[in-house]
Amino acid sequence: RISSTSPCRHEAMSTFGQVFRVTTFGESHCKGVGAIVDGCPPCLALTEADIQPQLTRRRPGQSRLTTPRAEKDLVQILSGTEHGHTLGTPIGLFVPNEDQRPGDYKEMSDIPRPGHADFTYLIKYGNKASSGGGRSSARETIGRVAAGAIAEKWLRGTYGTEISCWVSSIGDVSLPESAVPRGEGGCLVGWTRAQVDEYGTLRMLRDPATFHRVGEAEVADADERRKANIDAEVAAEDAFLKLVGVHAGASAAGVAEAAKRGVAAAAAGAAEALRAMPCYEDWQGGVYTHDGGRLGEAELKGVDLASWRTDELLPLRCPHPPTACRMATLIRQVKVEKDSIGGGGGCVCTGVA
């Protein structure tokens, strides 16, 4: 174990920028996180309402694909504004951590978590927060997002700059470059933010043979009904992922190996079931399989889609539905293994002076 006396470099890695300087603060399970923004010009109209929409977009717990941590992420402006306008002095931004559970990480205080920055942080600084990811938690991005919302408002008002980003990869699933919209001369134009949010959201579809949402008429007590629906979702998710796992395992092993292991028949059955199984629905009503295959009228003949639809939305923010479906399935597989996975994004800025 690396101790606090281990030789390491201590650099100011929480402050970014020169003219517009942002310092983020807070750890995953302390009282709160936020940022100090220095260099914002005076007289910019600014309230929490200008910042909150972006924090709401990044808020955890929006679907089963993200961390289940329950946070409202409501921002407070502590300083730097008066009567709804900036003063030109440092702007203090604070978001409380409401779902603080440091005790959940006791078993990880000595062993770095796979897929996280724990080990890198330990090597770099010689110590780390014992509760969650500390400064390497995704909670740290709250300060960056809030500061970015301020910068974006000034850029839009001053230069007409528009910024749009989207998820371009998760693990080994990547958005095809050919799917990104281009303008005259092949210039990349991408999607607007509204399009990213709309096109990049999928509706979860579940097989009514394995999933049934319990209604008030069936179970009157709200708590019992909630528990029954959670149990139903878990059972349906297990059935789906088992099917995907059998198919994926056999595909990875190869036909000969699958036959040797005696799973060829099971794999064939899983492949056949998945080939025609509605798993996701896009914003236009297009229906897709677990790996992003579009199901046409012939495949959906006789399927009562209304019985497959759930009220569960998956905001992938990958505005290419076939790729978004593959991303969603991959994340679901990773989460059931209690693991994590990273990805990348694309960005287009217009009106840049």
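Since the model is a prediction, treat every value here as computed from it, not as a measurement.

S.K.: What exactly am I supposed to notice about the overall build of the chain here?
M.R.: The helix and strand tally for the chain stands at 10 helices and 15 strands. Taking all 353 residues of the chain together, 36% fall into the buried category. Long-range contacts, defined here as pairs at least 24 residues apart, represent 69% of the contacts in the chain between residues at least 6 apart. Just so you have it, the chain exposes about 19200 Å², and 55% of that area is on carbon and sulfur atoms.

S.K.: Is there a simple way to think about the nonpolar core in this case?
M.R.: Within soluble globular proteins, side chains that are nonpolar generally end up buried alongside one another. With 35 residues, the main nonpolar core has Trp-166, Trp-191, Leu-202, Phe-240, Tyr-280, Leu-314 and Leu-316 as its most contacted residues. The dominant element in this core, judged by the number of residues it contributes, is helix α10 (residues 321–336), at seven residues. Listed in part, the 19 residues of the second largest apolar core include Val-75, Leu-93, Val-95 and Ile-142.

S.K.: Mind showing me how you'd approach the pattern of salt bridges here?
M.R.: Overall, the coordinates contain 17 salt bridges when judged by the stated rule. Between Glu-152 and Arg-193 there is a salt bridge whose closest N-O contact spans 2.4 Å. On the criterion of sequence distance, the pair formed by Glu-152 in helix α3 (residues 141–159) and Arg-193 in helix α4 (residues 193–199) is long-range, its members being 41 residues apart. Taking relative accessible area as the criterion, Glu-152 reaches 8% and is therefore assigned buried. Here Asp-197 and Arg-317 are joined by a salt bridge, their closest N and O atoms 2.8 Å apart. With a gap of 120 residues between them, Asp-197 in helix α4 and Arg-317 in the loop between β14 (309–315) and α10 connect regions that are remote in the sequence. Residue Asp-197 is classed as partly exposed on the basis of its relative accessible area, which comes to 25%. By relative accessible area, which is 19% here, Arg-317 ends up buried.

S.K.: Quick question: what am I supposed to make of the side chain of Ser-28 here?
M.R.: Among the structural elements, Ser-28 can be located in the loop between β2 (21–25) and β3 (32–38). Owing to a relative accessible area of 3%, Ser-28 belongs among the buried residues under this scheme. Separated by 3.5 Å, the side chains of Ser-28 and His-29 make a polar contact.

S.K.: Would you take a moment to explain the sheet that holds β14 for this structure?
M.R.: Sheet strands line up and pair through hydrogen bonds in the backbone, either parallel or antiparallel. As summarised here, the arrangement of the five strands in space is β13-β12-β11-β10-β14, forming an open sheet in which the pairing is antiparallel. Looking at which strands have only one partner, the edges of the open sheet turn out to be β13 (294–295) and β14.

S.K.: Whenever I open this one, the pairing of β14 confuses me. Can you help?
M.R.: Only one face of β14 is buried, namely the one carrying Thr-310, Glu-312 and Leu-314, since none of Arg-309, Asp-311, Leu-313 and Pro-315 on the opposite face is buried. Note that strand β10 (residues 201–205) and β14 share four bridges and pair antiparallel. When the bridges of β14 are listed, Leu-205 appears paired with Arg-309.

S.K.: Would you take a moment to explain the environment of Pro-42 for this structure?
M.R.: Tracing the chain through its elements places Pro-42 in the loop between β3 and α1 (48–58). Distance from Pro-42 to Gly-80, taken between C-alpha atoms, is 9.0 Å for residues 38 residues apart in sequence.

S.K.: I tried to follow the sheet that holds strand β15 (residues 343–350) on my own but got confused; where do I start?
M.R.: In space, the three strands of this open sheet follow the order β9-β8-β15, with antiparallel pairing throughout. Looking at the sheet topology across the chains shown, the edges are occupied by β9 (173–174) and β15. As judged from the eight bridges shared by strand β8 (residues 162–170) and β15, these two strands associate in the antiparallel manner. Paired with Ile-163 across the bridge in β15 is Cys-349.

S.K.: I keep staring at the packing of aromatic side chains and nothing clicks. Help me out?
M.R.: By convention here, two paired aromatic rings are described through the distance between centres and the angle between planes. Within this structure, the stated rule accounts for three aromatic pairs. A ring pair is formed by Trp-166 and Trp-191, whose centres lie 5.0 Å apart and whose planes are at 85°; its orientation type is edge-to-face. Residue Trp-166 is located in strand β8, and its partner Trp-191 is located in the loop between β9 and α4; the two are separated by 25 residues in the primary sequence. We classify Trp-166 as buried; its relative accessible area is 6%. Arg-206 extends its terminal NZ or CZ atom over the ring of Phe-211, reaching a point 5.8 Å from the ring centre.

S.K.: What is the right way to read α3 from this model?
M.R.: Three- or four-residue spacings in an α-helix give side chains the same orientation, since the helix completes a turn every 3.6 residues. With 19 residues, α3 should cover 27 Å at 1.5 Å per step; its first-to-last C-alpha distance of 26 Å lies within 8% of that length. Each element contacted by the buried residues of α3 is listed here: β2, β3, α1, β7 (91–96), β8 and α4. With its phi angle positive at about 75°, Gly-160 sits one or two positions after the end of α3.

S.K.: Would you take a moment to explain the environment of Arg-203 for this structure?
M.R.: Looking at the secondary structure, you find Arg-203 in strand β10. For the pair Arg-203 and Tyr-280, spaced 77 residues apart in sequence, the C-alpha separation works out to 5.6 Å. Not counting the four nearest positions on each side in its chain, Arg-203 is found in contact with Cys-279, Tyr-280, Glu-281, Arg-309, Thr-310, Asp-311, Glu-312 and Leu-313. Of the polar contacts made by the side chain of Arg-203, one reaches the backbone oxygen of Thr-310; its length is 2.6 Å.

Rules used in this analysis
Residues numbered from 1 in each chain as written. Predicted model: local features only at pLDDT ≥ 70, side-chain atom pairs only at ≥ 80, totals over all residues. Heavy atoms only, no water. Helix = DSSP H or I, 4+ residues; strand = E, 2+ residues; numbered from the N terminus. Buried < 20%, exposed > 50% of the residue type's maximum accessible area, 1.4 Å probe, protein only. Contact = heavy atoms within 4.5 Å. Areas by Shrake-Rupley, 256 points an atom, 1.4 Å probe, with all protein chains shown as cover. Core = buried A, V, L, I, M, F, W, Y, C linked by side-chain atoms within 4.5 Å. Salt bridge = Lys/Arg side-chain N within 4 Å of Asp/Glu carboxyl O. Polar contact = N/O pair within 3.5 Å; in protein donor to acceptor, adjacent residues only side chain to side chain. Pairing = 2+ DSSP bridges. Phe/Tyr/Trp six-rings, centres within 6.5 Å; stacked < 30°, edge-to-face > 60°. Lys NZ or Arg CZ within 6 Å of the ring centre and 35° of its normal. Expected span 1.5 Å × (residues − 1).

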